[in-house]
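A structural walkthrough
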Amino acid sequence: MGCLGNLLWFLLGGLVSGLSWCLAGCLWCITVVGIPVGLQCFKFASLSFFPFGKEVHYGGGAGSLLLNVLWILLSGLPLAIEHLAFGVVCCVTILGIPFGLQHFKLAKLALMPFGSEVY
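Source: prediction; values computed, not measured.

This next bit is on the UniProt feature "transmembrane region" (unreviewed entry) in the chain. Under the present numbering, the feature "transmembrane region" (unreviewed entry) in UniProt falls on residues 6-35, 56-74 and 80-101. Here residues 6-35 runs as 80% helix and 0% strand, with 28 Å between its end C-alpha atoms. A helix fraction of 73% and a strand fraction of 0% characterise residues 80-101, whose end C-alpha atoms lie 13 Å from each other.

Here's what the structure looks like:
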């Protein structure tokens, strides 16, 4: 399912979601202080382009919590809403449920990207 799922994902909506993460990364990289946040966005853009076969593990400490709160207020909420909306639309059909679940995984990641790792 990994290769075929990633190919279908990319053609049927993964490109849009990955470009959303890239846009957020470019906006964060405008300032020197935002470059680490922008680099994190680019890392998760690659996950958003091809999410099948990858897992996200959450962790982190106080620094991650502070960055996640700042992230939610400035960029995370629109990305999470985008992935939630796409996930609900995908889950309307039985064939779209695996794609909807990937969108829900990315929506959770859009709310808490710092302190998480992709495996």
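On to the packing of helix α1 (residues 2-28) against helix α3 (residues 62-90). Where α1 meets α3, the closest approach of the two axes is 11 Å, and the angle between their N-to-C directions is 170 degrees. Accordingly, the angle class assigned to the pair α1 and α3 is roughly antiparallel. Residues Val16, Ser17, Ser20, Trp21, Ala24 and Trp28 of α1 touch α3, and the partners they reach there are Leu70, Trp71, Leu74, Ser75, Leu79, Glu82, His83 and Phe86. Residues that form the contact of α1 with α3 fall into these classes: 9 nonpolar, 4 polar and 1 charged.

Further remarks concern the state of the cysteines. Summed over the entire model, instances satisfying the criterion amount to 0 disulfides. No disulfide involves Cys3; its sulfur sits 19 Å from the nearest other cysteine sulfur, which is in Cys90. Between Cys26, a cysteine without a disulfide, and Cys22, which holds the nearest cysteine sulfur, the sulfur-to-sulfur distance is 6.6 Å. With relative accessibility at 45%, the residue Cys26 sits in the partly exposed group.

Calculation rules
Residues numbered from 1 in each chain as written. Predicted model: local features only at pLDDT ≥ 70, side-chain atom pairs only at ≥ 80, totals over all residues. Heavy atoms only, no water. UniProt positions renumbered as here; feature names shortened; annotations may be inferred. Helix = DSSP H or I, 4+ residues; strand = E, 2+ residues; numbered from the N terminus. Axes fitted to C-alpha atoms, helices over the stretch in contact; angles between N-to-C directions. Parallel < 35°, antiparallel > 145°, perpendicular 65-115°, else oblique. Contact = heavy atoms within 4.5 Å. Nonpolar A, V, L, I, M, F, W, Y, C, P; charged D, E, K, R; others polar. Disulfide = S-S within 2.5 Å. Buried < 20%, exposed > 50% of the residue type's maximum accessible area, 1.4 Å probe, protein only.

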